[in-house]
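Inside the fold
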Amino acid sequence: MANVVTIEAETRARAGKGAARATRREGKVPGVIYGGKLEPNLIALEPRAVLRELHRAGWQSRLYELKAGGEPVRALIRGVQFHPVTDNPIHIDFQRLVAGERVKVQVPVHFENDGISAGLKRGGVLNVVRHAVEVYCEADNIPEQFTADLGPLDFNDNIRWLDLRGTENTRAVIDRNFVIATVVPPTKIEEAAAAVAAAPAAAAPAKAPAKAPAKRG
């Protein structure tokens, strides 16, 4: 089960663009908590707390406990708006979680044992098809990550959904045993480039022999 991260927040009294701009002028990031068949809660957060989480991998599936007066609220980050110039977060949406409720989340895939993979040790390349998998699961059982074991893989072997560890109590949104990653053999680009470089310059037109100077007589 994923760890729960606590974030301190303040309540906001007014909704709308004007109120959100006022919150940003105060140096805070406006946000909203919705869902759970309850009225939305308007909140304001410290920018440093928001940036800290967004810079950590896996924030789409991380559980948050928001403290903004009253009872703490368990939630997921569902949307972030960024400033078009500074790329700083300017609004954040949280979905309120209810115990026993099934939610759809993206869970990151962690790859391990790449150092003992026969294919990778012989120069193969890991082609990752999915860095995260979208699944359905109960709000109380959101996994922090899935684990893919690369140790047994050789050239052209792959990891599929059913090979991942930590998928208990989850169901993939895609209803098939899809590929997560493949070990691709090393390319022949370097060999091809060397062959081209070593090829004789026969393709270039031969230079015409120089004409002998005409005799004066």
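Structure's up top.
Numbers given for residues are sequential positions, taken from 1 along each chain in its written order. The predicted nature of this model means local features are confined to residues of pLDDT at least 70 and side-chain atom pairs, given and counted, to a pLDDT of 80 or more, with totals for whole chains, interfaces and linings taken over all residues. To get the side-chain values, all heavy atoms of the structure are used, and hydrogens and water are removed first.

1. Some remarks on the side chain of arginine 12
- Looking at where arginine 12 falls in the secondary structure, it is placed in the loop between β1 (4–11) and α1 (17–25).
- Any residue under 20% of the maximum accessible area for its type is buried, any over 50% is exposed, and the rest in between are partly exposed; the area is computed with a 1.4 Å probe on protein chains only. Charge counting follows a simple rule: Lys and Arg are positive, Asp and Glu are negative, and His as well as the terminal groups are ignored. Salt bridge, as used here: a side-chain nitrogen of Lys or Arg that lies within 4 Å of a carboxyl oxygen of Asp or Glu. Of the side chains with opposite charge, aspartate 93 comes closest to the buried, unpaired arginine 12, at an N-O distance of 7.7 Å.
- Within the structure, arginine 12 has its side chain in polar contact with the backbone oxygen of glycine 31 (distance 2.9 Å).
- Not counting the four nearest positions on each side in its chain, arginine 12 is found in contact with Ala19, Ala20, Thr23, Pro30, Gly31, Leu42, Ile43, Ala44 and His91. Counting from the N terminus, the helices are the DSSP runs of H or I reaching at least four residues and the strands are the DSSP runs of E reaching at least two. In protein, a polar contact means a hydrogen-donor-capable atom and an acceptor-capable atom, both N or O and within 3.5 Å, with residues adjacent in sequence counting only if both atoms are side-chain atoms; elsewhere, any N or O pair within 3.5 Å suffices. Contacts: residue pairs with any heavy atoms within 4.5 Å of one another.

2. Comments concerning the environment of serine 61
- Mapped onto the elements of the fold, serine 61 is located in the loop between α2 (47–54) and β4 (63–67).
- With 14 residues separating them along the chain, serine 61 and alanine 75 place their C-alpha atoms 9.9 Å apart.

3. Thoughts on the side chain of threonine 23
- Turning to its location among the elements, threonine 23 is positioned in helix α1.
- In this structure threonine 23 comes out as buried when scored by relative accessible area, which is 7%.
- In this view, threonine 23 contacts Arg12, Lys28, Val29, Pro30 and Ala44; residues no more than four positions away in its chain are not counted.

4. Quick notes on the pairing of strand β6 (residues 89–96)
- By the criterion of burial, β6 is predominantly enclosed, with 6 of the 8 residues buried.
- Bridge count between strand β2 (residues 29–34) and β6: 4 bridges; the pairing is parallel. Directly across from tyrosine 34, in β6, lies its bridge partner glutamine 95.
- Should DSSP find at least two bridges between two strands, the strands are regarded as paired. In this sheet, β6 lies alongside strand β5 (residues 73–82) in antiparallel orientation, the contact comprising 7 bridges. The residue bridging glycine 79 from the neighbouring strand is aspartate 93, located in β6.
- Between β5 and β6, which pair antiparallel one after the other, the connecting turn spans 6 residues, and aspartate 87 there sits at a positive phi close to 65°.

5. As for α2
- Ala49, Val50, Glu53 and Leu54 are the residues of α2 that are buried. Looking down the long axis of α2, one finds its buried residues gathered within 130° of arc, a one-sided arrangement.
- Buried residues belonging to α2 abut β1, β2, β3 (41–45), β4, β5 and β6. This arc is taken over the directions from the axis of the helix to the C-beta atoms.

6. A closer look at the pattern of salt bridges
- Enumeration over the complete set of coordinates arrives at 8 salt bridges.
- The closest approach of N and O atoms between lysine 28 and glutamate 46, which form a salt bridge, is 3.8 Å. Note that lysine 28 is positioned in the loop between α1 and β2 and glutamate 46 in the loop between β3 and α2, a separation of 18 residues in sequence.
- Overall, lysine 28 belongs to the buried group, its relative accessible area being 16%.
- By relative accessible area, which is 35% here, glutamate 46 ends up partly exposed.
- Close ionic contact of arginine 56 with glutamate 53 constitutes a salt bridge, the shortest N to O distance being 3.0 Å.
- Relative accessible area serves as the criterion here: at 37%, arginine 56 is assigned to the partly exposed category.

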